[in-house]
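Fold and contact review
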Amino acid sequence: MSHVDRISKLMQGLTDAAGKVQKGAQLLSNIKDEDVEVGATPKRLVMRRDKVELHRYTPMADQTVGTPMLVCYGLIGRYTMADLQPDRSLVRALLAKGIDLWVIDWGNPSRSERWLSFDDYVNDYLAAAVERMCAETGHDKVTLLGICEGGVFTTCYAALHPDKVRNLVLTITPIDFHADGADKAEHHGFLNIWTRSLDPSDIDKMVDVLGVVPGEFMSSVFSMMTPMRSLTKYNVDLVDVIDDEAKLMNFLRMEKWLADRPHHPGVAGKQWLKELYQENRLFDGTFELDGRTVKLGDLKMPVLNVFALDDHIIPPTCSQALGRKVGTKDYTEIALPGGHVGLFVSSKSQGALSQSISDWLKARDS
Amino acid sequence: MSDTSKEPSLEAWTRLWADATSQGVKATQAFTQSAWPFFIGRMAEPGGEGVNQMGEAIERLAQGPRLSDVWDIDRKFYAAMAAWLDLRAKLAVYSTTTATPWQSALKRYSETAETEVDDDWRKAFGKWSAIANEEMIRNQRSEGFLKAQRELLRATLEFKQKQQALTETMTTFLGLPTQQDLDEVTRQLTELRREVRAFVREAKAEKQKGAVPAPAKPKVPASARTAAVKSTRSKSRPAPGSR
């Protein structure tokens, strides 16, 4: 192609982009924040305990699995990732498969919650939620579905209170926080490396000065993990979606979820970063809650462990490590394509995750 | 100051106002002739040498001995200033560290652009983006970057801590609760709540233990029951002649 043709093509491309931006600006000017809904699947509030809420989703199909299931997210971000929009919602997909689904929302911790620990979240809030579910449904055990740090909560709860857990489903859950070294992908595991580069006293100081691990701080660390995507998402990448209303709304919903970054209570934050990320106590069998050691070998109920092959936040090797320590013979691993968040929200992964979980539960529902 | 106690009210107030104004003029003169303008001037010097020297000077002031009858807000102010100067220095080092991958990316991209020419700007940008991403991710894992980040985090927290100390001094002076006060209240509340909930759980568990039905008594044969009733009646009937 001649030099003139190249310049001509470049100018055409820039003109097309300018046209898209102009159309997109028109679209954006008509969209209000209330039009961008996330986590909109209907549910009702069953219990409130301090800032924590337990909700039960409205059924969408005849019940096919008897045991109720509790979705337990972590304290970094919110569970609404699993219910981003109607066509990208693990919640809706599981409801459509006839599962009695509940969710626990940790609320918006502030400096007032700085003294809450892992012990409180596992042995008080989660325990109270399970108790309430049993009381409401007449079941003596529930199924837990943990996501990321929520998976660590449910793992600890199931190990300490096995009499209350029928099945344990974990997704993108770190168990061995030092197994990132075994993951060869260079863009995986920055969080592990970064945390280990700090002194324990740095983490103590952060919590003592700020009271919490700020949501904005974690947000900036996550942005660092995908540097070019973070730099181009509001310019070059936005040009691709801005003139298409459906794609633009998808983008805005994702942004809304990303902007919703609650603070992580201080004491629980110290445990998460020091005892788990730095000292790897859960995998080493020395992690204690309320004076009791959490032993992965005490997980004797059926366990389904799902992880994402291109998860740069929780490297797959950190999740897979559970298989070496779990006490049950009924242990299943499912590796799905996609990233940490993509496992839940990408169009390619829709269906695969919910089908896997639903089939696995139905086979064990007696 | 003149003795206004015996003068009529309006004239006394006028004299007080005049005295206060002259005191204010003297204070302003003291400031303009003091070390502060010198500090500010040195810090604004290009090259940052002034900042380094001022930082050291301020550090010495902040770490000086404390006198019991002198309010130490100045020390706290100096400490916050020293922390801010240190934060600026650490930020400069961090910025230099994050600039490194861009230079590496540009070098790599220039080498590929010489051999491969893209007609589509998106393809060309995609190549640049992939190279820059790789270089930045590699840089993040380098010891230099991790050290710069760590130092920046520490400097930020140190500044925040010194800032908080200053704020607490002012809020105490104004009679308002400080952050430390609120933290202590929430700590006690959290511990109290834990104790209450543990107590409630124990009580519930005890109640559930107590609510467990007693094991069923073994069935007594009818003949044995009749014999028992007869025996009871004979014991309760008074002996003849005993009344």
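Now for a look at the structure at hand. Everything numeric in this text was worked out from a predicted model, so none of it was measured. (Residues numbered from 1 in each chain as written. Chains lettered and ligands numbered in written order. Predicted model: local features only at pLDDT ≥ 70, side-chain atom pairs only at ≥ 80, totals over all residues. Heavy atoms only, no water.)

Residues and elements named next belong to chain A. Taken as a whole and judged by the stated rule, the model has 15 aromatic pairs over all chains. On the basis of an interplanar angle of 5° and a centroid distance of 5.7 Å, the ring pair of Y121 and F153 is categorised as stacked. Within this pair, whereas Y121 is found in helix α3 (residues 118-137), its partner F153 is found in helix α4 (residues 149-160), the two being separated by 32 residues in sequence. For the pair Y121 and F153, one class covers both residues: buried. Where F177 meets Y277, the ring centres are 4.8 Å apart and the plane angle is 70°; that geometry is what we call edge-to-face. Placement of F177 in the loop between β8 (165-171) and α5 (190-196) and of Y277 in helix α11 (residues 266-278) is noted, with a sequence separation of 100 residues between them. Exposure remark for F177: the relative accessible area of 1% places this residue in the buried category. The aromatic ring of W257 is capped on one face by R261, whose charged end is 5.4 Å from the ring centroid. (Phe/Tyr/Trp six-rings, centres within 6.5 Å; stacked < 30°, edge-to-face > 60°. Helix = DSSP H or I, 4+ residues; strand = E, 2+ residues; numbered from the N terminus. Buried < 20%, exposed > 50% of the residue type's maximum accessible area, 1.4 Å probe, protein only. Lys NZ or Arg CZ within 6 Å of the ring centre and 35° of its normal.)

A few words now on a nonpolar patch on the surface. Judged by side-chain polarity, A:I7, A:L10, A:M11 and A:L14 come together as a nonpolar surface patch covering roughly 350 Å² of accessible area. As for its position among the elements, A:M11 is in helix α1 (residues 3-29). (Patch = residues over 30% accessible without salt bridge, like charges linked within 9 Å, V, L, I, M, F, W, Y side chains within 5 Å. Areas by Shrake-Rupley, 256 points an atom, 1.4 Å probe, with all protein chains shown as cover. Salt bridge = Lys/Arg side-chain N within 4 Å of Asp/Glu carboxyl O.)

Turning our attention to the nonpolar core. Residues and elements named next belong to chain A. Grouped together as the largest cluster of nonpolar side chains are 119 residues, with contacts concentrated most on L70, F118, I147, F344 and I357. The dominant element in this core, judged by the number of residues it contributes, is α3, at 11 residues. Beyond its immediate chain neighbours, meaning those up to four positions away, L70 contacts L54, W102, V103, I104, L126, A129, V130, M133, T143, L144 and L145. Of all hydrophobic cores here, the second largest spans 10 residues; its members include L27, I31, V36 and F251. (Core = buried A, V, L, I, M, F, W, Y, C linked by side-chain atoms within 4.5 Å. Contact = heavy atoms within 4.5 Å.)

Turning our eyes to something else, we now look at unusual backbone geometry. Residues and elements named next belong to chain A. Notably, D50 is not glycine yet its phi reads approximately 60°, a positive angle. By the element assignment, D50 lies in the loop between β1 (43-49) and β2 (52-57). Given a relative accessible area of 32%, D50 falls into the partly exposed group. Positive phi, close to 50°, is recorded for D290, a residue that is not glycine. You can see D290 is positioned in the loop between β11 (288-289) and β12 (292-293).

Before going further, it helps to examine the interface of chain A and chain B. Contacts between the two partners involve 45 residues from chain A, matched on the other side by 38 residues from chain B. Of the roughly 3700 Å² buried where chain A meets chain B, counting both sides, 56% is carbon and sulfur surface. Broken down residue by residue, the surface that chain A buries against chain B is led by A:W115, A:E186 and A:M228, which jointly contribute 18%. Applying the counting criterion to the chain A and chain B interface returns 13 salt bridges. The residue B:D183 makes a salt bridge to A:R114 at a minimum N-O spacing of 2.9 Å. The tally of links between chain A and chain B comes to 24 residue pairs in polar contact (both at pLDDT 80 or more). Listing elements by their share of the side of chain A that touches chain B, those giving two or more residues are α1, α3, α5, α6 (200-210), α7 (215-225), α8 (227-232) and α9 (236-241) of chain A. Among the residues making up the side of chain A that touches chain B, the classes are represented as 21 nonpolar, 10 polar and 14 charged. (Buried area = accessible area lost by both parts, 1.4 Å probe. Polar contact = N/O pair within 3.5 Å; in protein donor to acceptor, adjacent residues only side chain to side chain. Nonpolar A, V, L, I, M, F, W, Y, C, P; charged D, E, K, R; others polar.)

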